[in-house]
Amino acid sequence: MNRIFRHPHVIFLAVLVAANLTLFFPAASPLRIIGSLLLITIFPGWLWVNDLASASLRLTLAAALSYTFTNLITLLLHYIPGPLPMWQLVAALNLVALLPLLWQRDYRNLFPKPHRFLKPLRFKWAYLLILLPALFLRFTNLNYSEFQGDEALIMISAAEAMSGHENALFLRSKGPAEVLMPLALWRLTGTITEGIARLPFALATLYAIITVYLIGQKLTQPHRSPQIIADSPEMLPQKPHRSPQLFADSSEITPLFAAAFLAFNGFMVAFGRIVQYQGMVVWFSSLAFLMLCQWRETRQPRWAFLSGFFLGSGLLAHYDAILVLPALLWLGREGTKKDEPREQNPLTSHFSFLLGLLLVTLPFYLPYSLDPQANRTSDYLGERIGHSLRNNLPAFFQFNSFYSSFYYMVITSILVFGFILWLIWRARWGRWWLTLPLITGVIAVTIYPEALKFGSQNFAGGLFGLLFLVTWLALPMTSIEQALLIWLAVPFLGYNFVVALGLTHIYTIVPAWSLMAALATGQISEREGREESNYEGREENKIETNFAPFALVFAFFAFAFTLFLWNAFVRHDVEYWQDYPQGNLTPFWTPHTELPKAGFFGLAHRAGWKAVGQAISQGDLVGDYGSNEEPDVTTWYTRGAPRACDPYPEFYFMADDLIDPVKLPNDILESAYREVGQFNLTNGKAMKLHQRNPTTLQLGQLDETPLAAQFDQTAWPEAFARSGRGATPAAVNFKQLIKLIGYDLDTRRAHPQGRVSVTLYWQALTNIPMSYQVFVHLERDAGLAAQADGVPVCWTYPTDVWRPGQIIADQHAIALPAEIAQGAYRLEIGWYRPDDFTRLDWLDEAGNPAGTSFTLNNVIIR
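Analysis parameters
- Residues numbered from 1 in each chain as written.
- Predicted model: local features only at pLDDT ≥ 70, side-chain atom pairs only at ≥ 80, totals over all residues.
- Heavy atoms only, no water.
- Disulfide = S-S within 2.5 Å.
- Helix = DSSP H or I, 4+ residues; strand = E, 2+ residues; numbered from the N terminus.
- Buried < 20%, exposed > 50% of the residue type's maximum accessible area, 1.4 Å probe, protein only.
- Polar contact = N/O pair within 3.5 Å; in protein donor to acceptor, adjacent residues only side chain to side chain.
- Pairing = 2+ DSSP bridges.
- Axes fitted to C-alpha atoms, helices over the stretch in contact; angles between N-to-C directions.
- Contact = heavy atoms within 4.5 Å.
- Salt bridge = Lys/Arg side-chain N within 4 Å of Asp/Glu carboxyl O.
- Core = buried A, V, L, I, M, F, W, Y, C linked by side-chain atoms within 4.5 Å.
- Parallel < 35°, antiparallel > 145°, perpendicular 65-115°, else oblique.
- Left-handed = near helix turned anticlockwise from the far one by under 90°.
- Nonpolar A, V, L, I, M, F, W, Y, C, P; charged D, E, K, R; others polar.

### With respect to the state of the cysteines
Across all of its chains, the model carries 1 disulfide by this definition. Bridging Cys 645 to Cys 794, the disulfide has an S-S length of 1.8 Å. Judged by the sign of its S-S torsion, about -80°, the cystine formed by Cys 645 and Cys 794 is left-handed. Of this pair, Cys 645 sits in the loop between helix 27 (631–637) and strand 4 (651–655) while Cys 794 sits in helix 30 (residues 792–795); the two residues are 149 residues apart in sequence, bridging distant segments of the chain. Look at Cys 645 and you get partly exposed, because its relative accessible area is 39%.

Laid out in structure tokens, this is it:
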């Protein structure tokens, strides 16, 4: 046994084999979930960081490399035509995990002892006050809330990519990582639930906390040069060979509070509880920053390579990651400080950074840039940015207060901007004539957002831009400190004063915001320590700070913010968002009595959609439907069941908990529908089922829980991929542009004042040069009796954006007039140009035109 433990790589191989064996366990069983997570989030990168001494850094880098490798492997396997088999993914992950064995020989540090994570920390209890609540807030009840619209679309894309839809990733307007991570996990676990799909994103926000802590250490390393912050320069020992530094030595308090401010930020909790890109963007952006901090200390090109590598990983998640690039460019320049190491050939590191960036981004963005979707994405981003300057500060404060509490927003804002203004005040040349006007201006444009608006342009951002610029010029700063200021300024100015629809994208300021607030806290502690200790002669200018008052404040606010975040994200007997403002705890006063207009993520909600979806799968609810919830959510949970375009579907599913409400025709609901059932939820709310008169069902009061469990047990990828071909196959070729491959026909209400519902499954054969409209007619020899014409998919998906090979489910409902005669009618379909009504020919087997209207079936009107 001792011989085995003297060979850590043998232990690694044994654990890796065990993780692979868990894949033979039943789908979504706990051991299989754990093994699958290890295979995609830890093992692929573990051996690659074997030579790093720091335990925390090694864990973070191993996880980051694993995420990146998993994304790249899954992306490249997706490019292979056909469905993605599990064996290919498992083989590739294991190959990457074992590859370093080819050149590594020393494995003594492969598994750092647990105490090495806490040994350097003076205040271990404080870190537990961060770590334990962070775990609790991100993982407790993670499976409770149903998918929101964006999550549902991501999971549908993952199902389609696994099923072999080659365009599944390109159809989105965002990076692919948010699809690739749950896709890989889903492929390994067999089935999926909300909680399983969210696990990689929850872990990413935890790793972001560690990463920001490590950056905090870089900002306050004791070996760096002394800082000009004292009341008089004589208070600091002068070392002429070292350049002055901005911030006082606070080697424990600053990283501690940086981790705390990030851990208790509501955005980071929210984005750890959803399937979306934000947590990965924050983590990988922070890692790219950290890696260049490492590079500035050592000038080793590998750190520059990793910085570019992780920036690329962030860009695979979302374009928001680009906002850290200005800070990285500043960090990556050749330093001029005498105490900074020099590199013989700086171009080597610059090339390494670029190489790392391109290795990750090119596999996706190169083919994507050649795709028509890239132009549509560009137009989409242009609309989001807008064309005029504005002042979004009210939304900034409202979002932060809503997600993190008004107290968190006030405290961190005072720390960040108070610290910045104090730094300007410390520059003696700017005390009165600059600091006071800036304070006045900042307060004015915050309280009166239109104060600097002239015409269509609001110049409030110029005031804050001046604030950051003056801070830059006020006192000498290290490169890391300057880069931190850039990292804060770019997203803050961009999303508050330039971008038209910033919404929750202000999350991009959170890491730099947390670090700046922590620096302010560290500075306060240093000044307290300076008053209580004999500073002169201390080794490395350290100051022994009395941590007791900070400990009490820290513990109190850790408890308070945990309580607020528990109520907002974890608790579900009362739902903070759905029951706002009553759902807010009384001690957490806020001036915002109204919800933000949009942008709700990670908050507790449950409407009962799993029960509806399972009832449809079991055949209990047959027919198309309408709902007061957005289509993105219902498409996932109904597994692609037809959602009606007209106001007379067979069913209306009415949820009490709503994500994006849809306005319904209440007069029709009251006159033509009756409630036939209700799913009761554990949160005291319900999903009501209304059927069109005359009704055929009477389901009564139903328990949602058992149906939801059955839904999860059958959550295979194939059940969600939008690749259905309909109950009746077909093969009708319209002029080599569009092919009908199948259809569903519902004639149960084929009577006067009723309707005929038909879902047509089209496949694009090539790029279609224009937008055609489809016609669906009921005809007799006497002519047209009823029709349903329009742009496909309820007027939302024109043919000129279809992609070759793509399958589109197109739902139509033909309303039958009261005077329609009984008897047989032909169901005719086809395509026409809306400008001149010229129809497309359909072709026979020989490829010859056979007509402009195809008879799909006969319909009997009763």
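Back to the write-up after that little detour.
### Description of the side chain of Arg 755
Structurally, Arg 755 can be placed in strand 10 (residues 755–764). Reaching out from Arg 755, the side chain makes a polar contact with the side chain of Asp 624 at a distance of 2.8 Å. Of note is the side chain of Arg 755, whose polar atom sits 2.6 Å from the side chain of Asp 646.

### Some words on the pairing of strand 6 (residues 686–692)
Taking burial as the measure, the 7 residues of strand 6 include 6 buried ones, the bulk of the element. Relative to strand 6, strand 5 (residues 673–680) is paired through 7 bridges, and the arrangement is antiparallel. Each residue of the ladder has a partner; that of Tyr 673, found in strand 6, is Arg 692.

### Regarding the sheet that holds strand 5
Pairing is mixed in the open sheet, where 5 strands are placed in the order 3-4-6-5-7. At either end of the open sheet lies a strand with only one pairing partner, and these are strand 3 (625–627) and strand 7 (700–703). This sheet shows a mean twist of 25° between the axes of neighbouring strands, independent of strand direction. On top of the sheet, helix 26 (residues 609–617) reaches strand 3, strand 4, strand 5 and strand 6; it is set at about 160° to strand 4, its chief contact. Strands in contact with helix 29 (residues 704–713) are strand 5 and strand 7; relative to strand 7, the strand with the most contacts, it is inclined by about 50°.

### Re the sheet that holds strand 8 (residues 728–734)
As summarised here, the arrangement of the 6 strands in space is 13-10-9-8-15-16, forming an open sheet in which the pairing is antiparallel. Both edges of this open sheet fall to strand 13 (807–815) and strand 16 (849–851), since each of them pairs with a single strand only. Summarising the sheet, strand 8 and strand 15 (residues 842–843) pair through 2 bridges and their orientation is antiparallel. For Phe 734, the partnering residue across the bridge sits in strand 15 and is Trp 842.

### What about the pattern of salt bridges?
If you walk through the whole model with that rule in mind, you get 22 salt bridges. A salt bridge links Arg 803 to Asp 371, with the nearest nitrogen and oxygen atoms 2.3 Å apart. Taken as a pair, Arg 803 in the loop between helix 30 and strand 13 and Asp 371 in the loop between helix 17 (346–369) and helix 18 (372–385) lie far apart in primary sequence, 432 residues in all. Taken individually, Arg 803 and Asp 371 each receive the classification buried, so the pair is uniform in this respect. Between Asp 579 and Lys 685 there is a salt bridge; the shortest N-O distance is 3.1 Å. Separated by 106 residues along the polypeptide, Asp 579 in the loop between helix 25 (548–570) and helix 26 and Lys 685 in the loop between strand 5 and strand 6 bring together distant segments of the chain.

### As for the environment of Ala 270
Along the polypeptide, Ala 270 turns up in helix 13 (residues 266–271). Judged by its relative accessible area of 0%, Ala 270 is buried. Ala 270 sits 330 residues away from Phe 600 along the chain, and the two C-alpha atoms are 8.8 Å apart. With residues up to four places along the chain from it excluded, the contact list for Ala 270 reads Tyr 403, Phe 569, Phe 601 and Gly 602.

### Quick word on unusual backbone geometry
Residue Pro 581 is bonded to the preceding Tyr 580 through a cis peptide linkage, with omega at 0°. Along the chain, the position of Pro 581 falls in the loop between helix 25 and helix 26. A cis amide bond links Asn 693 to the next residue, Pro 694, at an omega of -5°. With respect to the element layout, Pro 694 can be found in the loop between strand 6 and strand 7. One non-glycine residue, Gln 753, lies in positive phi territory at about 70°. Note that Gln 753 resides in the loop between strand 9 (738–746) and strand 10.

### Structural notes on the nonpolar core
Within the largest apolar cluster, 222 residues are counted, with the highest numbers of intra-cluster contacts made by Trp 283, Phe 289, Phe 310, Phe 492, Trp 636 and Phe 653. Top contributing element to this core by residue count: helix 11 (residues 194–219), with 15 residues. Residue contacts for Phe 289: discarding those within four places in its chain leaves Ile 215, Ala 327, Leu 328, Leu 331, Ile 480, Ala 483, Leu 484 and Trp 487.

### Re the packing of helix 3 (residues 30–41) against helix 11
At a minimum axis separation of 11 Å, helix 3 and helix 11 run at an interaxial angle of 45°. Relative to helix 11, the element helix 3 lies oblique. Between helix 3 and helix 11 lies a crossing of right-handed hand. From helix 3, Ile 33, Leu 37 and Thr 41 reach across to helix 11, where they touch Ile 196, Leu 199, Pro 200 and Leu 203. When its residues are assigned to classes, the contact of helix 3 with helix 11 shows 6 nonpolar, 1 polar and no charged.

Remember that the coordinates give geometry; whether it matters functionally is a separate question.
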